[in-house]
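# Examining the three-dimensional arrangement
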Amino acid sequence: MGDGDPLESIADAVDTAIDELTGVPTDDGDIERFTAAGMTLLAEARGAEDAAATFVLLHGIGMGRKVFADLARRLHPHGRVIAIDQPGYGEAPEPPRTPTIERSADLIGAYLRKIDRGPVVLIGHSMGTQVAAEVAVRHPATVSHLVLVAPTVDRHHRTAGAQLGRLAVDLLDESPKVLLLGAREYVRAGPHLGRKVRAMLTHRPEESYPRVAAPTLVVRGGRDRVSTREWCDEVTRAIPGALGVEIPGHGHETLIRDAGPAAEEILRFLR
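Residues numbered from 1 in each chain as written. Predicted model: local features only at pLDDT ≥ 70, side-chain atom pairs only at ≥ 80, totals over all residues. Heavy atoms only, no water.

### A look at the environment of Pro-87
With respect to the element layout, Pro-87 can be found in the loop between strand 4 (80-85) and helix 3 (101-115). Overall, Pro-87 belongs to the buried group, its relative accessible area being 6%. Taking the C-alpha atoms as reference points, Pro-87 and Thr-40, 47 residues apart in sequence, are found 5.5 Å from one another. For Pro-87, the contacting residues outside a window of four places in its chain are Met-39, Thr-40, Leu-41, Ala-92, Pro-93, Pro-95 and Leu-107. (Helix = DSSP H or I, 4+ residues; strand = E, 2+ residues; numbered from the N terminus. Buried < 20%, exposed > 50% of the residue type's maximum accessible area, 1.4 Å probe, protein only. Contact = heavy atoms within 4.5 Å.)

Structural data, given as structure tokens:
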């Protein structure tokens, strides 16, 4: 499409309107595309370039970097914040084939080495916790601290029906902000979403957790139906020295609806 295409102009206007309605900044931060091994991610950085700390945010299935707007706003006074669109999500192009969680982790690891900001605070949400945990195991020198928010996939309920059913019930109580942002990101991630779900379900995070060396915080929303208390307790026990916290009144999308309590827990953990 050319720059003057009316459909593209309408899509841009709708995109801006959703940003404004949900509190997502309409101005981009520092945008960078990074390609390795045939996959491309998009990274948006905010905060001081010379900040000592770097926070890197990895989204869940069907989502993208823009769902982290509230968390990024709360964290960037404390460091450089980099939110990632993983390949085939958000505004990152669809890769030729859907990557495994391990390949996604290798791409993130290569990007972290490329930006050369030293070990980062790596924060994953939902499926992003699986990628983050693999980065910490496969590329340990790139991660100073690991934060797993609403970790998936519960090994006791590792089917698409169980996971999607729990998510649907969880979303019944969610705010219009979460539903609107989520709907937009799922449309963007639409191509091959079924294959992406299979890649998520095929991964066995419980096999990697005991090998995580970075200090780790596990965060759960108190009414999260996807990441149950039993599963999050199991994750916390599996990771050497990990700490677990629960945020009352929050569901699976705790970083999207209101990231304030989670940000406080993350900063307290780092202190």
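Further notes follow.
### Quick look at the environment of Glu-94
Mapping Glu-94 onto the fold places it in the loop between strand 4 and helix 3. Given the relative accessible area of 30%, Glu-94 is considered partly exposed. Along the primary structure Glu-94 and Leu-41 are separated by 53 residues, whereas in three dimensions their C-alpha atoms are 9.6 Å apart.

### Some thoughts on empty space enclosed by the protein
For the structure shown, the criterion picks out one cavity of 30 Å³ or more. Put simply, the largest cavity is a space of about 100 Å³. Lining the largest cavity are 13 residues; nearest its centre among them are Tyr-89, Pro-99, Ile-101, Ser-104 and Met-127. Counting only elements with at least two residues in the lining of the largest cavity, the list comes to helix 3, helix 4 (127-138) and helix 7 (193-202). By residue number, the principal contributor to the lining of the largest cavity is helix 7, which donates three residues. (1 Å grid on protein atoms, 1.4 Å probe; cavity = no way out; pocket = protein on both sides within 12 Å on 5 of 7 lines; lining within 4 Å. Points joined across faces, edges and corners; volume = space filled by probe spheres on them.)

### Observations regarding the sheet that holds strand 2 (residues 39-46)
Overall, mixed pairing links the eight strands, which are arranged 1-2-4-3-5-6-7-8 in an open sheet. The outermost strands of the open sheet, each flanked by one partner alone, are strand 1 (30-36) and strand 8 (243-247). Across the sheet, the mean angle separating the axes of adjacent strands is 20° when strand polarity is ignored. Across five bridges, the pairing between strand 7 (residues 216-221) and strand 8 is parallel. Bridge assignment links Val-218 to a residue of strand 8, and that residue is Gly-244. In the packing of helix 9 (residues 229-238) onto the sheet, the strands contacted are strand 6 (143-149), strand 7 and strand 8, and the crossing angle to strand 7 comes to about 180°. Sitting on the sheet, helix 11 (residues 260-270) is in contact with strand 3 (54-58), strand 5 (120-125), strand 6, strand 7 and strand 8, with an inclination near 150° to strand 6. (Pairing = 2+ DSSP bridges. Axes fitted to C-alpha atoms, helices over the stretch in contact; angles between N-to-C directions.)

### Concerning the side chain of Gln-130
Along the chain, Gln-130 turns up in helix 4. For Gln-130, a relative accessible area of 0% corresponds to the buried category. Here the side chain of Gln-130 touches Thr-152 through a polar contact of 2.9 Å, side chain to side chain. At a separation of 3.1 Å, a polar atom in the side chain of Gln-130 contacts the main-chain carbonyl oxygen of Met-200. (Polar contact = N/O pair within 3.5 Å; in protein donor to acceptor, adjacent residues only side chain to side chain.)

### Overview of the pattern of salt bridges
Scanning the model with the defined rule gives 15 salt bridges in all. Arg-73 is paired through a salt bridge with Asp-70; the nearest N and O atoms lie 2.7 Å apart. Of this pair, Arg-73 and Asp-70 both sit in helix 2 (residues 69-75), three residues apart, roughly one helical turn. With relative accessibility at 10%, the residue Asp-70 sits in the buried group. It is possible to trace a salt-bridge network through shared partners that takes in Glu-44, Arg-46, Arg-65, Asp-85 and Glu-91. (Salt bridge = Lys/Arg side-chain N within 4 Å of Asp/Glu carboxyl O.)

### Let's talk about the environment of Leu-217
With respect to the helices, strands and loops of the structure, Leu-217 is situated in strand 7. Here the alpha-carbon distance between Leu-217 and Val-245, two residues 28 residues apart in the chain, equals 7.6 Å.

### A closer look at the side chain of Ser-126
Take Ser-126: it is sitting in the loop between strand 5 and helix 4. Ignoring anything within four residues of it in the chain, the contact list for Ser-126 reads Gly-60, Val-149, Ala-150, Pro-151, Thr-152 and His-252.

### Side note on the nonpolar core
Counting residues in each nonpolar core, the largest one holds 45 residues, and the members touching the most others are Ile-84, Tyr-111, Leu-122 and Leu-146. Ignoring any residue separated from it by four or fewer positions in sequence, one finds Leu-146 in contact with Leu-122, Ala-132, Ala-133, Ala-136, Val-212, Ala-214, Pro-215, Thr-216, Leu-217 and Phe-269. Among the nonpolar cores identified, the runner-up in size contains 26 residues, and Phe-68, Leu-71, Ala-72 and Leu-217 belong to it. (Core = buried A, V, L, I, M, F, W, Y, C linked by side-chain atoms within 4.5 Å.)

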